[in-house]
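Coordinate analysis (summary)
Listed below are the residues making up each chain.
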Amino acid sequence: MALPVVDLSKTLSLAATTAAERALLAQLQGNLLKGHGRPHAAHLLLRFGPAQAGRAFLRGLLPQIGRADVQLADAQRVRAARAAGRPLQTPPFVACLLSASGYRALQVPRERWPSDPAFAEGLKDRQPMLRDPDPAGWELPWRGEVHALVQLAGDAPQVEAQLAAWAGALPPGVALLGVERTRAWRNAGGEGIEHFGFVTGRSQPLMIDEDLASDALRRGPSRRWSPRFPLAQVLVRDPAVDDATAHGSYVVCRKLEQNVHAFRQAEAALARGLRKLGAAADAALAGAMLVGRFADGTPLALQGRGGLAPPRADDFDYADDPQGLRCPFHAHIRKTNPRGDTVREFGIAPDAERARLMARRSMPYGERRQDAQMRFSDAPSQGVGLLFMACQASIVEQFEFSQANRANDEGFVLGHTGVDPLAGQGGAVKHRHRAGWGDAQAPTLAQRMAGFVTLKGGEYFFAPSLAFFASL
C-alpha cells in the first residue's frame, strides 16, 4: 500500500514521525533540513564522460551518501554526549549534488529533471539578470560544465583520509575538475565567523521541532521574529523517481572571494567620515552599518554598540525602525531578510516575505592567522572567502528573487537605498550613513560601499533522493 504524501506545510517532529515521514528521511540526503555540523569539508567538482560511466559511479557512491535520518540521529547523540560531558566524534559525511548539465550527461529524460527553470538553464546563463561577472573570468574548474559536486565533510583528519581514498578511486569516464576546501573559523566565544570577522549562521530557518525547542530554551519565546519554517521552505518532490516520499532540494553554490583588506579600509574611512560629522564612530560601528550587525552578532536595530547577549540577538524586526534611523536600509541583513519591511511598505503578506529565505549551508575557504584572542590578525585581499551554499524549494523564487530584487536593487526597500554592500552587484547609488544612531536630526554621509566580494565560480545544483541514485 502506498504511503500518504508528507505534509510539507508543517515542521517535522522527530519524536512523532509518521511512516511517510520516516520514509522521506530515509530517502533524503543529509545537510538539507539541518547542517551537517562538521568543521572541515572538501567539495569535489566532477564531470562525466559516457553516461554509463557516470551512472555506475553514482550507483557505487550510494552507500556512502549521508541519509537525513542517520544524520539527525547522529546529531541527537552528539548533543546528548556533549551535555553529559563526554564529547562524541561524528562519522564523516558525504553528499552528492547534480547540475542540469549533469542530468543531461547522465541521459536522464528531460521530463524527469527538477523543474525549476533557473536550474535548467544553469548559473552561467543567468549572469545578465544577476549582474554576475563574466564566467570567462571565473576560476578554471567552474568555467565549463560541472556535472556533480561531491561533499566530503568531517574533522581535518577525516577529510584528508577521504580525499586520499578518492584520489585513486575515480573510474575512467569521471573527471575531477577541482577541489574546494572549506573550514569553520571560530571566535573566542566558540561561534562561527566569516572572513570579515562577523558571527555567521544567525536567523537560520529551523524546520525540526526539536531544534525549535532547543532554540527556545536558549533564547526564550520568539516575540518579533520566529525561526519556525515549514519543510516546504527547502524540500520538493524528486521527479526522477515514482515514489511520493522521495524528495530533494535545490542548492545554490557560489564561490565568493572576500577582499578583507579593502573591507577594513572602507570601515576605517567610513568611521573617519562619520567622526567629522560629530559621531562617536569607530570601525566596529562602521562595519555594523554595512552588515546590520556588530561582529559579535548584536543587531544594529536593537542597539548602537556591540555586546548584546546572544539569546536576544535574533528576536527582532524593524517595526521600531521604519525610517532606517538605527539600521540602514542598505545593510546586508536588512536587504536580504527585511523582517516586516515589505509587509509595511508594500502590503506583502508576512508568510510571503518569509518564503524568500533560504537555509544557508555555507562555509569559509582559505587560510588565516588568528591571535591569542581568536581575532584575525591579517587582512588578505584575495584567496579567502565563502563557499556560499543555500538550500531552497525554488531557485527563481528564493535565491534569484533575493539577489536581483533585494541585494542588487538600489531602490529596495526604499528609493536611493543602494545595493547590498556585501552581496549586491552593480549600481552607482551612494549609501547614506547616519552620524547618530536612531537620531533623525543627525547629518548623513553619502558614500558608496561595495566591491568587497567577487564571484569566482558557482552552479545551480539539485540534491536528489537516494532512490534516484538507486534507480540509475
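Read on for a plain summary of the structure. (Residues numbered from 1 in each chain as written. Predicted model: local features only at pLDDT ≥ 70, side-chain atom pairs only at ≥ 80, totals over all residues. Heavy atoms only, no water.)

1. Some thoughts on the overall build of the protein chain
Helix and strand counts for the protein chain stand at 16 helices and 14 strands. Taken over the C-alpha trace, the protein chain has a radius of gyration of 22 Å; the compact-globule value for 472 residues is 23 Å, and the two agree within 12%. Considered along the principal axes of its C-alpha atoms, the protein chain spans approximately 70 × 50 × 45 Å. Scored against the burial criterion, the 472 residues of the protein chain give a buried share of 54%. A fraction of 72% describes how many contacts in the protein chain between residues 6 or more apart in sequence connect residues 24 or more apart. When the accessible area of the protein chain is evaluated, it comes to approximately 19,400 Å², of which 54% is carbon and sulfur surface. The centroid of the 56 positive side-chain charges in the protein chain is displaced by 3 Å from the centroid of its 47 negative side-chain charges. (Helix = DSSP H or I, 4+ residues; strand = E, 2+ residues; numbered from the N terminus. Rg over C-alpha atoms; globule rule 2.2 N^0.38 Å. Buried < 20%, exposed > 50% of the residue type's maximum accessible area, 1.4 Å probe, protein only. Contact = heavy atoms within 4.5 Å. Areas by Shrake-Rupley, 256 points an atom, 1.4 Å probe, with all protein chains shown as cover. Lys, Arg positive; Asp, Glu negative; His and termini not counted. Charge placed at Lys NZ, Arg CZ, Asp CG, Glu CD.)

2. Comments concerning the pairing of strand E11 (residues 385-392)
Every regular strand shows the same layout, with side chains that alternate between the two sheet faces. Burial analysis of E11 places seven of its eight residues in the buried class, the great majority of the element. Pairing analysis gives eight bridges linking strand E8 (residues 247-258) to E11, with the strands arranged antiparallel. Considered in E11, the bridge of Arg 254 is made with Phe 388. When strand E9 (residues 359-360) meets E11, the two strands line up antiparallel, connected through two bridges. What sits directly across from Ala 359, in E11, is Cys 391. As paired strands, strand E10 (residues 363-365) and E11 are joined by three bridges and run antiparallel to one another. (Pairing = 2+ DSSP bridges.)

3. Things to note about the side chain of Asp 315
Within the element layout of this structure, Asp 315 appears in the loop between helix H11 (283-291) and helix H12 (332-336). Lacking a salt bridge, the buried Asp 315 has Arg 219 as its closest oppositely charged neighbour, with an N-O distance of 5.0 Å. At 2.7 Å, the side chain of Asp 315 forms a polar contact with the backbone nitrogen of Arg 224. Within the structure, the side chain of Asp 315 is placed 3.0 Å from the backbone nitrogen of Trp 225, a separation counted as a polar contact. (Salt bridge = Lys/Arg side-chain N within 4 Å of Asp/Glu carboxyl O. Polar contact = N/O pair within 3.5 Å; in protein donor to acceptor, adjacent residues only side chain to side chain.)

4. Digging into the packing of helix H10 (residues 260-276) against H11
Each packed pair of helices is defined by two parameters, the angle between the axes and the distance between the axes. The contact between H10 and H11 brings their axes to 8 Å, and the two run at 110 degrees. Considering their axes alone, H10 and H11 lie roughly perpendicular with respect to each other. Listed contacts from H11 to Phe 263, Glu 267, Leu 270, Ala 271 and Leu 274 of H10 are Ala 283, Ala 286, Gly 287, Met 289, Leu 290 and Val 291. Each residue belonging to the contact of H10 with H11 can be placed in one class, and the counts come to nine nonpolar, one polar and one charged. (Axes fitted to C-alpha atoms, helices over the stretch in contact; angles between N-to-C directions. Parallel < 35°, antiparallel > 145°, perpendicular 65-115°, else oblique. Nonpolar A, V, L, I, M, F, W, Y, C, P; charged D, E, K, R; others polar.)

5. Quick word on unusual backbone geometry
Note that the residue after Phe 412, namely Val 413, is joined by a cis bond; omega there is 5 degrees. With respect to the helices and strands, the residue Val 413 is situated in the loop between helix H15 (395-407) and strand E12 (432-434). Of note, Ser 203 is a non-glycine position whose phi angle comes to about 55 degrees, a positive value. Residue placement: Ser 203 occurs in the loop between strand E6 (192-193) and helix H9 (209-219). A residue is classified by how much of its surface remains accessible, and Ser 203, at 8% relative accessible area, is buried. Unlike most non-glycine residues, Met 374 shows phi in positive territory, near 65 degrees. Inspection of the secondary structure assignment puts Met 374 in the loop between E10 and E11.

6. Describing the nonpolar core
Formed by 82 residues in total, the largest nonpolar core has its most connected members in Leu 33, Phe 48, Leu 58, Leu 61, Val 150, Tyr 460 and Phe 468. Dropping the residues within four chain positions of it, Leu 61 is found in contact with Val 94, Cys 96, Val 150 and Trp 166. (Core = buried A, V, L, I, M, F, W, Y, C linked by side-chain atoms within 4.5 Å.)

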